[in-house]
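# Survey of secondary and tertiary structure
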Amino acid sequence: MAKQDPYRIYLTEEQIPKQWLNIRGFMKDKPDPMIHPGTGKPIVKEDLLPIFCDELAAQELDEDNKYVDIPDEVREFYKLYRPSPLCRAYNLEKALGTPAKIYYKFEGNNTSGSHKLNAAVPMAYYAKEQGLKGLTTETGAGQWGTALSIACKYYGLDLCVYMVSGSFKQKPYRKAVIETYGAKIIASPSNTTNAGRAVLAEHPDTSGSLGCAISEAVEVAVQDPSLRYVLGSVMNQVLLHQSVIGIESKTAMEQLNAYPDIIIGCAGGGSNLGGLIAPFVADKLEGKANPYIIAVEPASCPSLTRGTYAYDFGDIAKITPLVKMYTLGCEFLPSPNHAGGLRYHGMSPLVSKLYHDKLIDKAISAEQTKVFEAAKLFAQSETILPAPESSHAIYAAVQEALKCKESGEAKTILFGLTGTGYFDMTAYMDFNAGTMGDYIPTDEEIKIK
Ligand SMILES: *Cc1c(COP(=O)(O)O)cnc(C)c1O
């Protein structure tokens, strides 16, 4: 047999990055600033301090540094589950009969089942360093709440998670996992906050929303000076922390003398995509290479492909700063028939800017039945049961590999496999039974109000 790449390339502990990569430091034309909705002026650090930890507020506004040191204590935690493997999808390539080389970076090898832990660890660490007692957050599908509960327990912090009540009821095992790590989890809307009580008074039977859960978590944090609020995607700080995904991918590919022609990531709030592409976008900005970058989102929540690039609120209650992003309007709620995560109305302002400036070359949307077809093919060939969110990237990788089959080009494709799908079995059951449907919102539904 000819010498071939290994199936999985594991870097050493020593090769875990020592610095995160800040894409904004490489950009000449920076993303538009966050705006204070009250004053109409750009947000300054002091505006953020009542809500976010000091260090995270600084990272959020840092447009200048190209690299940010990863604290030793954070690297020690990363060693518990990193470096994550870069895998060569030989069996998927064979199943597709493509000459393309397909690589994927697998981030599902930790208890949160996703890349979310990469950002949860530094956030909890900085809160502990600041002498805070605890954190609050919201969670939709549950991966973020799980990741943060693991990190908070490790650093000895209290955590209160507001979980969207619809999802809280559908995924009782998420609650069990989060409570095992000692965090408090409350279905939102709840009667523990003014925001929650107001929503309950008006809609006693509501299944909740991310926007409402954010309002509750922020309310609790700002009322107690020993608490802060943290968010698991969208923000610049999260993309910064997630750059470990891209840096490790690039290092592993260098060891194989490979460089991606095409890079693909799924896009919900934009954090895994922004992290995966970080060092490659830096190469583009420095004129060193020009990989083709594709973002993939659900057809039922199509912010990049059908949204408007405009200033909008991050939440439905309109309590966050205004950010310039591709948005479906802060009141947009994806159809209840949409199974997975990736249900945020907006998009990371940094990813939005990169897409607007064509540094992200293409965005596509995929219907969920097509996504689950790709998920099933991947599970059967590569043995990993992918998360529905991750399967959007698989779908696009398959499309690109099939194009290579047609043209005979042996392109190198890299995609992010963000997590596993063990908590999404209801969706897999619907797909296997043939009862899963697709929903594509009308233009009227995604019009900014
Ligand atoms: C949260 C999540 C996503 C989407 O979030 P991004 O911020 O867009 O990366 C994708 N995949 C998995 C497994 C997730 O948990």
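This report concerns the structure included in the present document.

## Topic: the environment of Thr111
Of note, Thr111 is situated in the loop between β5 (101-106) and α6 (117-129). Residues Thr111 and Val177 lie 66 residues apart in sequence; the distance between their C-alpha atoms is 8.9 Å. With residues up to four places along the chain from it excluded, the contact list for Thr111 reads Thr146, Ile150, Val177 and Tyr181.

## Let's talk about the pattern of salt bridges
Going through the model one piece at a time under the given rule, you end up with 25 salt bridges. For Lys353, the salt bridge goes to Asp357, with nearest N and O atoms at 3.3 Å. For Lys353, a relative accessible area of 7% translates into the label buried. With a shortest N-O distance of 3.0 Å, Glu400 and Lys403 are connected by a salt bridge. A residue pair is termed a helical-turn pair when its members lie 3 or 4 positions apart in one helix, as Glu400 and Lys403 do in helix α17 (residues 388-407) at three residues.

## Considering empty space enclosed by the protein
By the definition in use, this model includes two cavities of 30 Å³ or more. Every residue along the wall of the largest cavity is listed here: Pro298, Ala299, Ser300, His338, Ala366, Glu367, Gln368, His392, Asp438, Tyr439 and Ile440. The calculated volume of the second largest cavity comes to roughly 40 Å³. Secondary structure elements with two or more residues in the lining of the second largest cavity: α1 (23-26) and α12 (236-255). Looking at which element gives the most residues to the lining of the second largest cavity, the answer is α12, with three residues. Residue composition of the lining of the second largest cavity, by class: five nonpolar, three polar and one charged.

## Quick notes on the site of the ligand
Around the ligand sit 17 residues in total, of which Lys116, Ser233, Ser271, Asn272 and Thr418 are the nearest. Contact distances for the ligand include 3.2 Å between an oxygen atom and a side-chain N or O atom of Gln143. At a separation of 3.0 Å, an oxygen atom of the ligand approaches a polar backbone atom of Gly269. When the ligand sits alone it has 380 Å² of accessible area, and the protein chains cover 94% of it. For the shell around the ligand, a count of residues per class yields four nonpolar, 11 polar and two charged.

## Section: the nonpolar core
In terms of nonpolar packing, the biggest core is built from 61 residues, with Trp20, Tyr78, Val121 and Leu135 touching the most fellow members. Per element, the largest residue contribution to this core is nine residues, and it comes from α6. Counting residues in each nonpolar core, the second largest holds 36 residues, with Leu11, Ile245, Ile247 and Leu304 among its members.

## A short note on unusual backbone geometry
Negative phi characterises most residues that are not glycine, and trans characterises most peptide bonds. At the junction of Arg82 and Pro83, the peptide bond is cis and its omega measures out at -5 degrees in the coordinates. Positionally, Pro83 belongs in the loop between α4 (72-78) and β4 (86-88). Across the junction of Ser188 and Pro189, the peptide omega takes the value 5 degrees, indicating a cis bond. Looking at the secondary structure, you find Pro189 in the loop between β8 (184-188) and α10 (194-202). Positive phi, close to 75 degrees, is recorded for Thr383, a residue that is not glycine. Summarising the element assignment, Thr383 is placed in the loop between α16 (368-382) and α17.

## Quick notes on the sheet that holds strand β7 (residues 158-164)
Strand order in the open sheet formed by four strands is β8-β7-β6-β9, with parallel pairing between adjacent strands. With partners counted over all chains shown, the strands left at the sheet margins are β8 and β9 (227-229), one partner each. For this sheet, the mean inter-axis angle between neighbouring strands, taken without regard to orientation, is 20 degrees. The sheet contact formed by strand β6 (residues 134-139) and β9 spans three bridges and is parallel. From the neighbouring strand, Gly134 faces β9, where its bridge partner is Leu227. This element, helix α7 (residues 143-155), spans β6 and β7 of the sheet and lies at about 165 degrees to β6.

Parameters at a glance
The residue numbers shown here count from 1 along each chain, following its written sequence. Given that this is a predicted model, residues contribute local features only at a pLDDT of at least 70 and side-chain atom pairs are listed and counted only at 80 or more, while totals for whole chains, interfaces and linings are drawn from all residues. Based on all heavy atoms of the structure, the side-chain values leave hydrogens and waters out of the count. Each helix corresponds to a stretch of at least 4 residues labelled H or I by DSSP, and each strand to a stretch of at least 2 residues labelled E; elements are numbered beginning at the N terminus. Any two residues whose heavy atoms approach within 4.5 Å at even a single point are treated as in contact. Just to be clear on terms, a salt bridge is a Lys or Arg side-chain nitrogen sitting within 4 Å of an Asp or Glu carboxyl oxygen. Note on classification: 1.4 Å probe, protein chains only; a residue is buried when its accessible area is under 20% of the maximum for its type, exposed when over 50%, partly exposed between these limits. Buriedness for pockets is judged along seven lines, at least five of which must meet protein on both sides within 12 Å for an open set on the 1 Å grid over protein atoms alone, while cavities are sets there where a 1.4 Å probe fits but cannot get out, and lining residues have an atom within 4 Å of a point. Grid points are joined across faces, edges and corners, and a volume is the space filled by probe spheres set on the points. Any residue outside Ala, Val, Leu, Ile, Met, Phe, Trp, Tyr, Cys, Pro, Asp, Glu, Lys and Arg is labelled polar, Gly included; the first ten of those are nonpolar and the last four are charged. Definition of nearness: a residue and a molecule or strand are near each other if at least one heavy atom of the residue lies within 4 Å of the molecule or strand. For the purposes of these results, a polar contact is taken to be a pair of N or O atoms within 3.5 Å, where, inside protein, one atom must be able to donate a hydrogen and its partner to accept one; residues adjacent in sequence count only when each atom of the pair is a side-chain atom. Calculation of accessible area relied on Shrake-Rupley with a 1.4 Å probe; when residues are assessed, cover is drawn exclusively from the protein chains displayed. Buried Ala, Val, Leu, Ile, Met, Phe, Trp, Tyr and Cys residues that are joined via side-chain atoms within 4.5 Å together make up what is termed a nonpolar core. When DSSP finds two or more bridges between two strands, those strands count as paired. A fitted line through C-alpha atoms serves as each axis, taken over the contacting stretch for helices, and the angle formed by two N-to-C directions is quoted from 0 to 180°.

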